[in-house]
Amino acid sequence: MTNQGKKLINDPNDVVTEFIEGLVETYPGLQYLDGFPEVKVVLRADVSSATYEKVAVISGGGSGHEPAHAGFVGEGMLTAAICGDVFASPPVDSILAGVRAVTGPMGCLFIVKNYTGDRLNFGLAAEQAKSEGYKVEMVIVGDDCALPPPRGIAGRRGLAGTILIHKVAGAAAASGRSLADVAAEAKRASQMVGTMGVALSVCTLPGQVTSDRLGPGKMELGLGIETNYVPITRGSRVVLMINGLGATPLMELMIMAGKAVPRLQLEHGLAVDRVYTGSFMTSLDMAGFSISVMKADQAILQHLDAATKAPSWPVGVDGNHPPAKIPVPIPSSNSTNSDESLSRPQQLSQQGHILEVIIEAAATAVINLRDNLNEWDSKVGDGDCGSTMFRGATAILEDMKKHYPLNDGAETVNEIGSSIKRVMGGTSGIIYTIFCKAAYAHLKANSYSIVTPVQWSDALEAAIAAVSKYGGASAGYRTLLDALIPASSVLEERLSAGDDPADAFILSSEAALAGAESTKHMQAQAGRSTYVSGEILASVPDPGAMAAASWYRAAALAVKDKYRSS
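Residues numbered from 1 in each chain as written. Predicted model: local features only at pLDDT ≥ 70, side-chain atom pairs only at ≥ 80, totals over all residues. Heavy atoms only, no water.

**Student:** Would you mind showing me how to read the pairing of strand β12 (residues 271-278) here?
**Tutor:** Taken residue by residue, a regular strand's side chains alternate between the two faces of the sheet. Along β12, six of the eight residues are buried, which leaves the element largely enclosed by surrounding structure. When strand β11 (residues 237-244) meets β12, the two strands line up parallel, connected through seven bridges. Residue pairing in the sheet places Asn-243 in a bridge with Gly-278 of β12. (Buried < 20%, exposed > 50% of the residue type's maximum accessible area, 1.4 Å probe, protein only. Helix = DSSP H or I, 4+ residues; strand = E, 2+ residues; numbered from the N terminus. Pairing = 2+ DSSP bridges.)

Laid out in structure tokens, this is it:
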């Protein structure tokens, strides 16, 4: 069975020329020769055959392997790339046009992958260029390790390892070396690299149907490692390239890299000096990857590390490789609490008693409201608001009995946040953790241990501001803030007016309830409720706002009762 592949293209016959046009628009250091469609050559914008005084490094081949080869044109790598049609060798006239455009008196080096068409076309172009007076050398790259020893004249194909040869040759040429030296460096490097590929799917040619030759559960080994091909032995230094074939996500390529390096080190006794991971030589939209291993010495490493402006060569890969992992940092000593300070005091202070009563009342109110919250949330959200809040409230009650330092208001708030963070998932868990941590930071910054009502009010305001800042909601968005913002405003107002703190707390809790109820008349602007119709929203209050109003009201009543009893 086949199916029509979906492609973001115009005319399938124009994909290569339109690719080149997009490439040079993206990278101002590149140009192309005005010879479409027959001549498809990408070259460095800063190079002209009339003035270039270094060896030109030219490569190319069939298109469809992007970013190879045009993406590796740039100072320190290729001087020009000759692009054929998709999976077709470039014609001789295109190759000659590239030679004439960039080759000066130092000559040029062809780096050619070992495919019959490429060898013949580049070979004929080399002879023609020589007859025109150019100095030309050619290095054939055949890094395919999947094939047995050479069969006839075909031999090993050129795969992703060719990119490493581009880099070695380009660096040598950039340093001013002679044509003979550059060719010798490239040839030596080509004899030290091997590549093995694995395909999980076939590719889809532009304008063609997708074949199912590789069905479910199948993969194809060999896009081309027999160790006999590459002179690598235990103790060798090597370079590793993990190459995606076009449709393999970077995440999967990094997984391959993470597994390949320790295997090379531990099982094969190799020193992995460099790792290059990405898509360097693809096959259109083929899923799969290839692994290239190159034996390295100091000269090769210097060439690989040399600067280049080629847009597709990976940056940030050099010899300075610190340890792959380091310990997770722990809080500084001044923010860490001793075991003693994080244990429940044997004797509670007046503040400790009040905090215990408040926490127990608030948590119990949330626990009792679980079913109502779930019912409301089933209409406007995920249906789990009550269950989520229940988990947090239950954890708070359990942890308070064990280790809340109730005599220290700031640290108690911090521990409430830690309890919530541990057990509450989803958005509610994050919001309440931010709420508690912001209140704690405000109290701690002012060195409050015994906290006055005004200071509690300021901490509440700071917590609300943090939730609004990071969550993006504010008053009128149909969230818990529609309960807490009016509560905070009334609390601050009544305390400033000199009201009894317990009375101010009660009045502010009434404002919280009124604010929560008013959410019935609001259009949601945050959370999943934004996708719910206004008719449904008008039938229930916001569950988050009702939960906040509930625990806030319970806390206020508990304080009032505590003061009455005392």
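Next comes the rest of the write-up.
**Student:** I would appreciate a short explanation of the packing of helix α13 (residues 453-471) against helix α14 (residues 481-496) in the present structure.
**Tutor:** Geometrically, a packed helix pair is captured by the angle between its two axes and the distance between the axes. Across the interface, α13 lies against α14 with an axial gap of 10 Å and an inter-helix angle of 150°. Classified by the interaxial angle, the pair formed by α13 and α14 is roughly antiparallel. Pair α13 / α14 crosses with left-handed handedness. Residue-level inspection shows Pro-453, Val-454, Ser-457, Leu-460, Glu-461, Ile-464, Val-467 and Ser-468 of α13 in contact with α14, the latter providing Leu-481, Leu-484, Ile-485, Ser-488, Leu-491, Glu-492 and Leu-495. Split by residue class, the contact of α13 with α14 holds ten nonpolar, three polar and two charged. (Axes fitted to C-alpha atoms, helices over the stretch in contact; angles between N-to-C directions. Parallel < 35°, antiparallel > 145°, perpendicular 65-115°, else oblique. Left-handed = near helix turned anticlockwise from the far one by under 90°. Contact = heavy atoms within 4.5 Å. Nonpolar A, V, L, I, M, F, W, Y, C, P; charged D, E, K, R; others polar.)

**Student:** What should I look at first to understand the sheet that holds strand β2 (residues 30-32) in this one?
**Tutor:** Strands belonging to one sheet form pairs held by backbone hydrogen bonds; the direction of such a pair is parallel or antiparallel. Spatially, six strands are ordered β2-β3-β5-β4-β6-β7 in an open sheet, and the strand pairing comes out mixed. Where the open sheet ends on each side, the last strands, each with one partner, are β2 and β7 (136-141). Strand-to-strand twist of the sheet, defined as the mean angle between neighbouring strand axes without regard to direction, takes the value 25°. One ladder, built from four bridges, connects strand β4 (residues 56-63) with strand β6 (residues 108-113); its direction is parallel. Within the sheet, the bridge partner assigned to Ala-56 lies in β6 and is Cys-108. Of the strands in this sheet, β4, β6 and β7 are in contact with helix α4 (residues 161-174), which crosses β6 at around 175°.

**Student:** Explanation requested: the packing of α4 against helix α5 (residues 179-190) in the structure shown.
**Tutor:** Running from N to C, α4 and α5 point in directions that differ by 155°, and their axes come no closer than 9 Å. If you check the angle between α4 and α5, you find them roughly antiparallel. Viewed along their axes, α4 and α5 form a crossing whose handedness is right-handed. In this structure, α4 uses Ile-165, Val-168, Ala-169, Ala-172 and Ala-173 to contact α5, whose residues at the interface are Val-182, Glu-185, Ala-186, Ala-189 and Ser-190. Per-class residue counts for the contact of α4 with α5 are eight nonpolar, one polar and one charged.

**Student:** Just to check I follow, could you spell out α14 for this structure?
**Tutor:** Residues spaced three or four apart along an α-helix face the same direction, because each turn holds 3.6 residues. Between the first and last C-alpha of α14 there are 22 Å, a value that for 16 residues agrees with the 22 Å anticipated at 1.5 Å per step. Those residues of α14 that fall on the buried side of the exposure criterion are Leu-481, Asp-482, Ala-483, Leu-484, Ala-487, Ser-488, Leu-491 and Leu-495. Phi turns positive, to about 90°, at Gly-498, one or two residues after α14. (Expected span 1.5 Å × (residues − 1).)

**Student:** So what exactly am I meant to see when it comes to the pairing of β7 here?
**Tutor:** The pairing of β6 with β7 spans six bridges and is classified as parallel. Bridge pairing in β7 places Val-112 opposite Ile-140. Read from β6 through helix α3 (residues 116-131) to β7, the crossover connection turns out right-handed. (Right-handed = clockwise from strand over helix to strand, strands pointing away.)

**Student:** Whenever I open this one, empty space enclosed by the protein confuses me. Can you help?
**Tutor:** One way to see where empty space is left: roll a probe the size of a water molecule over the atoms. Taken as a whole, the largest cavity holds about 50 Å³ of empty space. Lining the largest cavity, in full, are Phe-19, Gly-60, Gly-61, Gly-62, Ser-63, Glu-66, Ala-68, His-69, Ala-70, Ile-82 and Cys-83. Mapped by element, the contributors of at least two residues to the lining of the largest cavity are β4 and β5 (80-86). Broken down by element, the residue count for the lining of the largest cavity peaks at four residues, all from β4. Looking at the lining of the largest cavity, its residues break down into five nonpolar, five polar and one charged. When its volume is computed, the second largest cavity comes out at roughly 30 Å³. Along the walls of the second largest cavity sit Arg-44, Tyr-52, Val-55, Gly-76, Met-77, Thr-79, Gly-170, Ala-173 and Ala-174, which together make up its complete lining. With three residues, the top contributor of residues to the lining of the second largest cavity is α4. Its residues assigned to classes, the lining of the second largest cavity shows five nonpolar, three polar and one charged. (1 Å grid on protein atoms, 1.4 Å probe; cavity = no way out; pocket = protein on both sides within 12 Å on 5 of 7 lines; lining within 4 Å. Points joined across faces, edges and corners; volume = space filled by probe spheres on them.)

**Student:** Which parts of the structure should I look at to understand the pattern of salt bridges?
**Tutor:** Across all of its chains, the model carries 22 salt bridges by this definition. Residue Arg-177 pairs with Asp-181 through a salt bridge whose shortest N-O separation is 3.7 Å. Note on Arg-177: relative accessible area 28%, which makes it partly exposed. Asp-181 gets classed as partly exposed once you look at its relative accessible area, which sits at 34%. Note that Glu-517 and Lys-520 form a salt bridge whose closest N and O atoms lie 3.9 Å from each other. Taking the relative accessible area as the measure of exposure, Glu-517 reaches 39% and is therefore partly exposed. Linked by salt bridges that have partners in common, Arg-177, Asp-181 and Glu-185 make up one network. (Salt bridge = Lys/Arg side-chain N within 4 Å of Asp/Glu carboxyl O.)

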